[in-house]
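As a plain string of letters, each chain reads:
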Amino acid sequence: MSSSVLSPAARLRGLKPDWLNDPKVWRTEVLGGLVVALALIPEAISFSIIAGVDPAIGLFASFTMAVTISVVGGRRAMISAATGAVALVIAPLNREHGFGYLVAAVILAGVFQIALGALGVAKLMRFVPRSVMVGFVNALAVLIFMAQVPEMYDVPWAVYPLILGGLALMVFFPKVTKVVPAPLVSIVVLTVITVAAGIAVPTVGDKGELPSSLPVPGLPDVPFTLDTLTTVAPYALAMALVGLMESLMTAKLVDDITDTRSSKTRESIGQGVANIVTGFFGGMGGCAMIGQTMINVKVSGARTRLSTFLAGSFLMVLCIVFGPVVSDIPMAALVAVMVMVSFATFDWHSIAPKTLKRMPAGEIVVMAVTVVCVVATDNLAIGVVVGSVTAMVVFARRVAHLADVTAVTDPDGGTVVYSVTGELFFASSNDLVGRFDYAGDPDRVVIDLSGAHVWDASSVAALDAVETKYAQRGKTVRITGLNDPSADLHARLTGELTGSH
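Overview of the structure. Please read these numbers as outputs of a predicted model, since none were measured by experiment.

The rules behind each value
Residues numbered from 1 in each chain as written. Predicted model: local features only at pLDDT ≥ 70, side-chain atom pairs only at ≥ 80, totals over all residues. Heavy atoms only, no water. Helix = DSSP H or I, 4+ residues; strand = E, 2+ residues; numbered from the N terminus. Rg over C-alpha atoms; globule rule 2.2 N^0.38 Å. Buried < 20%, exposed > 50% of the residue type's maximum accessible area, 1.4 Å probe, protein only. Contact = heavy atoms within 4.5 Å. Polar contact = N/O pair within 3.5 Å; in protein donor to acceptor, adjacent residues only side chain to side chain. Phe/Tyr/Trp six-rings, centres within 6.5 Å; stacked < 30°, edge-to-face > 60°. Lys NZ or Arg CZ within 6 Å of the ring centre and 35° of its normal. Core = buried A, V, L, I, M, F, W, Y, C linked by side-chain atoms within 4.5 Å. Pairing = 2+ DSSP bridges. Axes fitted to C-alpha atoms, helices over the stretch in contact; angles between N-to-C directions. Parallel < 35°, antiparallel > 145°, perpendicular 65-115°, else oblique. Salt bridge = Lys/Arg side-chain N within 4 Å of Asp/Glu carboxyl O. Disulfide = S-S within 2.5 Å. Expected span 1.5 Å × (residues − 1). Bend = angle between axes of the 7 residues up to and from the residue.

1. Let's talk about the overall build of the protein chain
Logical step 1: Helices and strands together make up the secondary structure of the protein chain, namely 20 helices and six strands.
Logical step 2: A compact globule built from 501 residues should have a C-alpha radius of gyration of about 23 Å, whereas the protein chain, at 29 Å, is more than 25% larger.
Logical step 3: Classification of the 501 residues of the protein chain by burial places 50% in the buried group.
Logical step 4: Intrachain contacts of the protein chain at a sequence separation of at least 6 include 84% that bridge at least 24 residues.

2. Some thoughts on the environment of Asp464
Logical step 1: Following the sequence through the fold, Asp464 ends up in helix H19 (residues 457–471).
Logical step 2: Beyond its immediate sequence surroundings of up to four residues, Asp464 is in contact with His490, Leu493, Thr494 and Gly495.
Logical step 3: Within polar-contact distance, the side chain of Asp464 engages the side chain of Thr494 at 2.7 Å.

3. Brief notes about the packing of aromatic side chains
Think of a pair of aromatic rings as described by two things: how far the centres are apart, and how the planes are tilted against each other in angle.
Logical step 1: For the structure shown, the criterion picks out eight aromatic pairs.
Logical step 2: When the centroid spacing of 6.2 Å and the interplanar angle of 40° are considered together, the rings of Phe436 and Tyr438 count as tilted. Both residues of the pair, Phe436 and Tyr438, count as buried.
Logical step 3: An aromatic cluster of at least three residues, connected via ring pairs, comprises Phe145, Phe343, Phe346 and Trp348.
Logical step 4: Over the ring of Tyr438 we find Lys469, and its NZ or CZ is 5.9 Å from the ring centre.

4. Focus: the nonpolar core
Logical step 1: With 99 residues, the main nonpolar core has Ile41, Leu59, Phe136, Met284, Ile295, Leu315 and Ile329 as its most contacted residues.
Logical step 2: Looking at which element gives the most residues to this core, the answer is helix H2 (residues 23–51), with twelve residues.
Logical step 3: Of all hydrophobic cores here, the second largest spans 22 residues; its members include Phe436, Leu449, Val454 and Val460.

5. Observations concerning the sheet that holds strand S5 (residues 444–454)
Logical step 1: The strand order across the open sheet built from four strands is S3-S4-S5-S6, with neighbouring strands paired in mixed fashion. Of all strands in the sheet, those with a lone pairing partner are strand S3 (404–409) and strand S6 (476–480), marking the two edges. Strand-to-strand twist of the sheet, defined as the mean angle between neighbouring strand axes without regard to direction, takes the value 20°.
Logical step 2: Where S5 and S6 come together, five bridges link them in parallel fashion. If you follow Val445 over to S6, its bridge partner there is Val477.
Logical step 3: Sheet strands touched by H19: strand S4 (415–424), S5 and S6. Its angle to S5, the strand with the most contacts, is close to 175°.

6. A closer look at the packing of helix H6 (residues 130–148) against helix H9 (residues 226–258)
Pairs of packed helices are described in terms of their axes, by the angle between the two and the distance that separates them.
Logical step 1: One way to put it is that H6 packs onto H9 with a least axis distance of 11 Å and a crossing angle of 100°. As summarised for this structure, H6 and H9 are arranged roughly perpendicular, according to the angle between their axes. Taking contact as the criterion, the partners of Met133, Phe136, Val137 and Leu140 in H6 are, on H9, Met249, Lys252 and Leu253.

7. Focus on the side chain of Glu151
Logical step 1: The residue Glu151 is located in the loop between H6 and helix H7 (159–176) in this model.
Logical step 2: One polar contact links Glu151 to Lys207, side chain to side chain, over a distance of 2.5 Å.

8. Describing the pattern of salt bridges
Logical step 1: Overall, the coordinates contain five salt bridges when judged by the stated rule.
Logical step 2: Across the pair Asp255 and Arg75 runs a salt bridge, and its minimum N-O distance is 2.6 Å. Taken together, the residues span a long stretch of sequence, with Asp255 in helix H9 and Arg75 in the loop between helix H3 (55–72) and strand S1 (80–81) at a distance of 180 residues.
Logical step 3: Overall, the relative accessible area of 10% leaves Asp255 in the buried class.
Logical step 4: Judged by its relative accessible area of 6%, Arg75 falls in the buried class.
Logical step 5: With its nearest N and O atoms 3.0 Å apart, the salt bridge here joins Asp404 to Arg435. Here Asp404 is found in strand S3, whereas its partner Arg435 is found in the loop between helix H18 (426–429) and S5, with 31 residues between them in sequence.
Logical step 6: Residue Asp404 is classed as partly exposed on the basis of its relative accessible area, which comes to 34%.
Logical step 7: Classification of Arg435 by relative accessible area gives partly exposed; the value is 37%.

9. Overview of the state of the cysteines
Logical step 1: On inspection of all chains with the given rule, the structure shows zero disulfides.
Logical step 2: Among the cysteines around Cys319, which has no disulfide bond, Cys287 carries the closest sulfur, lying 20 Å off.
Logical step 3: Classification of Cys319 as buried rests on a relative accessible area of 3%.
Logical step 4: Distance from the sulfur of Cys373, which forms no disulfide, to the nearest cysteine sulfur (Cys287) is 19 Å.

10. Some remarks on H7
Logical step 1: With 18 residues, H7 ought to run about 26 Å at 1.5 Å a step, and its terminal C-alpha atoms sit 26 Å apart, in line with that.
Logical step 2: The sharpest bend along H7 comes to roughly 30°, located at Met170, with the proline Pro174 sitting one to four residues further on.
Logical step 3: Every buried residue belonging to H7 is among Val159, Leu162, Ile163, Gly166, Leu167 and Met170, and all of these are buried.
Logical step 4: Those residues of H7 that are buried are in contact with helix H8 (182–197) and helix H14 (331–345).

As structure tokens, this is what we get:
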């Protein structure tokens with residue numbers, strides 16, 4: 001049926017996303033957003049303390065980041081808010097120069113992220129191997145769990161049964177019904193129990209005072225000079241890179257969980273826009289939050305932008321309208337939720353004995369290095385970079401052994417043909433020079449590269465060295481079988497790589 005004969009109401013329905021017409025999806029998204037908002041409050045306050053700012057600053061940042069990224073981001077259902085990684089990067093700037101410089105750094109970091117996104121930095125994600133991704137996920141699960149340990153140390157004994165009760169509710173309640181997310185039920189039940197029974201345990205209110213009004217936009221209180229720019233720029237660039245790394249890794253993880261694809265370039269630019277908006281509202285900036293994203297996507301089953309938008313919106317409503325009620329939520333309830341998230345996030349299959357037996361040793365090393373680096377530094381970006389470099393070294397060593405040389409002398413003894421097979425690059429070509437019998441070979445030497453590919457200048461230099469060694473003994477060398485790319489590279493570089501030519 002053509003759109004010209006549709007009623008206005010039908011045409012309007014056609015313009016709306018499918019999920020707007022599905023009450024079940026609505027319920028999932030709304031409740032998912034509410035659970036995330038509740039879990040965001042203590043985290044945002046904690047990260048504010050790390051950055052050395054008022055708790056309201058972290059909560060404002062979480063609100064503006066989530067709401068903005070729900071519109072401009074590339075990965076649906078992913079949660080962005082104030083994060084520990086960003087807080088650690090900008091804390092020294094706030095400590096040494098003041099809050100105005102921190103806000104300026106957040107805005108500049110957003111500009112950097114937009115520029116990096118436009119330049120295609122997101123395409124670098126293809127170079128992150130699966131073993132690094134698995135290590136990243138497992139390290140993340142460990143960090144989420146470790147972040148809960150302080151909440152279980154030196155606390156009243158009642159905290160422990162509350163945490164166990166919360167975990168039991170989240171394990172068994174879904175067997176009764178999945179209409180309401182188990183984490184939300186757990187938070188409500190534990191709050192009712194502690195308030196009704198008057199149990200004295202640490203609460204959300206103990207973390208810091210919740211804001212009583214919405215943030216107001218404004219410019220950072222700094223002199224707009226070159227000196228300010230040079231002070232702020234290094235911190236802004238570090239924040240931009242860390243934020244993009246965590247956000248793109250999280251987006252890739254959500255892609256795998258939901259079996260859908262997302263635009264990493266749009267996500268990179270969206271993170272930048274969200275940080276600029278957050279900066280102008282006086283927030284501390286942020287990036288994708290992996291723990292909260294796991295709550296939203298894996299635990300609550302959310303799949304759309306609505307849950308992300310509502311997570312930020314509910315956060316402000318809970319703080320401003322229901323502040324006294326939210327302050328009474330026991331930390332034990334949120335600890336139970338995050339412990340459950342850490343167990344759900346960890347890839348238990350990756351460390352199963354059957355898997356480890358079949359996995360190549362190099363892959364296991366890469367995964368372990370990634371986990372150790374992340375846990376040791378408390379920085380996911382460092383772990384991913386070190387893990388990826390380790391994977392490249394392992395790959396280079398493995399491929400280097402694939403290059404082989406075999407020699408066949410023709411019947412009349414006047415010519416020897418060397419057949420070279422495999423990938424010739426800096427790691428494999430280093431051994432190439434030593435595989436020829438310069439003294440014992442006849443006067444004519446043919447090097448057949450039809451089974452090889454020349455990748456770099458190191459390989460061309462190695463072939464030049466072989467020719468030079470034969471020439472010093474009055475013997476001629478002919479190179480044959482080069483494929484087109486290899487022949488082009490060889491023709492451009494041969495004889496140009498040493499000063500002796």
